[in-house]
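This is what each chain is made of:
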Amino acid sequence: KWSLGQGLFIDERRTALQQARLLSQRNEAERRSMVNNLLLDASKSYWDWSFSVASLRIIEEAVRLAEQRFEAVRESYIQGASPAVDTLESFLQVQNRRQQQQEAVLVVTNTRQRLSNFLWYKNEIPLEVGLALEPENLEIWNPNIPPGTLSTPGAVDVPSRFAELSLSARTATG
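Only a predicted model underlies this, so the values are computations on that prediction, with no experimental measurement involved.

**Considerations on the overall build of the protein**
Summing up its helical and strand segments, the protein has 3 helices and 0 strands in all. In the protein, the succession of α and β elements from N to C terminus is α-α-α. Residues classed as buried in the protein amount to 16% of the 174 residues present. If you take every contact in the protein between residues at least 6 apart in sequence, the share linking residues at least 24 apart comes to 56%.

**Let's talk about the pattern of salt bridges**
Throughout the structure, instances matching the rule amount to 10 salt bridges. For Arg57, the salt bridge is made with Glu134, and the minimal N-O distance between the two is 2.6 Å. Within this pair, whereas Arg57 is found in helix 1 (residues 6–78), its partner Glu134 is found in the loop between helix 2 (84–116) and helix 3 (158–173), the two being separated by 77 residues in sequence. By relative accessible area, which is 36% here, Arg57 ends up partly exposed. Within the structure, one salt-bridge network assembled from shared partners comprises Glu28, Arg31 and Arg32.

**Here's the deal with the environment of Glu28**
With respect to the element layout, Glu28 can be found in helix 1. A polar side-chain atom of Glu28 sits 2.9 Å from a polar atom in the side chain of Arg31.

**Considering the environment of Ser82**
Within the secondary structure layout, Ser82 lies in the loop between helix 1 and helix 2. According to the relative accessible area criterion, Ser82 is buried, its value standing at 14%. For Ser82, the side chain forms a polar contact with the side chain of Ser76, separated by 3.1 Å. Looking at Ser82, its side chain comes within polar contact range of the main-chain nitrogen of Tyr77, at 3.4 Å.

**Structural notes on the packing of aromatic side chains**
One pass over the full model with this rule turns up 3 aromatic pairs. Judged by centre distance (5.8 Å) and plane angle (65 degrees), the rings of Tyr46 and Trp49 are edge-to-face. With Tyr46 and Trp49 both in helix 1 and 3 residues apart, this pair spans about one turn of that helix. The structure contains a cluster of three or more aromatic residues connected by ring pairs, namely Tyr46, Trp47 and Trp49.

**Considering the nonpolar core**
Judged by nonpolar contacts, Trp49, Val53, Leu56, Ile59, Val63, Ala104, Val108, Leu115 and Val129 together constitute the single largest core of 9 residues. Listing elements by their share of this core, those giving two or more residues are helix 1 and helix 2. It is helix 1 that provides the largest number of residues to this core, a total of 5 residues. In this view, Val63 contacts Arg97, Arg98 and Gln101; residues no more than four positions away in its chain are not counted.

**Focus on a nonpolar patch on the surface**
A cluster of nonpolar side chains, Val85, Leu88, Phe91 and Leu92, forms an exposed patch at the surface whose accessible area comes to about 370 Å². The exposure class assigned to Val85 is exposed, which follows from its relative accessible area of 54%.

Thresholds, definitions, all that
- Residues numbered from 1 in each chain as written.
- Predicted model: local features only at pLDDT ≥ 70, side-chain atom pairs only at ≥ 80, totals over all residues.
- Heavy atoms only, no water.
- Helix = DSSP H or I, 4+ residues; strand = E, 2+ residues; numbered from the N terminus.
- Buried < 20%, exposed > 50% of the residue type's maximum accessible area, 1.4 Å probe, protein only.
- Contact = heavy atoms within 4.5 Å.
- Salt bridge = Lys/Arg side-chain N within 4 Å of Asp/Glu carboxyl O.
- Polar contact = N/O pair within 3.5 Å; in protein donor to acceptor, adjacent residues only side chain to side chain.
- Phe/Tyr/Trp six-rings, centres within 6.5 Å; stacked < 30°, edge-to-face > 60°.
- Core = buried A, V, L, I, M, F, W, Y, C linked by side-chain atoms within 4.5 Å.
- Patch = residues over 30% accessible without salt bridge, like charges linked within 9 Å, V, L, I, M, F, W, Y side chains within 5 Å.
- Areas by Shrake-Rupley, 256 points an atom, 1.4 Å probe, with all protein chains shown as cover.

Everything listed is a geometric property; what it means functionally is a separate question.
Take a look at the structure:
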């Protein structure tokens, strides 16, 4: 003799067990997704910081060149070779570059702080990216490498390709 509810309790247990297994698999997938998103955010923060530091170095060089130009134009004015308005223009250029430099310093500070959010000691003590720490210098093109010495098959030889483009641009315009 079979009871009507006899198989019902076993099916409920099986269903509960299957739901628990599915939930643990779902939790594992969600955990992996969260870890992947965290790693993506940390990587993006690193590259933002690296880019901001590289941009700051370029702007620092632009400030140095603008100051050098200003001194040359000022000396040219003192010697009577150029008008006073040229010194004003070059001085304004120096001021513009210095403002860009201050903005770049702020961007580096902000990106450094965002990167620090991902750095921790093992015992949950936060780390900060210090002022002396610099990102790895990843130069795409090294001028010390002679053209045609790339060893990667199919790679574009940037120095010689740049020379070709410069030559073709000069012949097209002149």
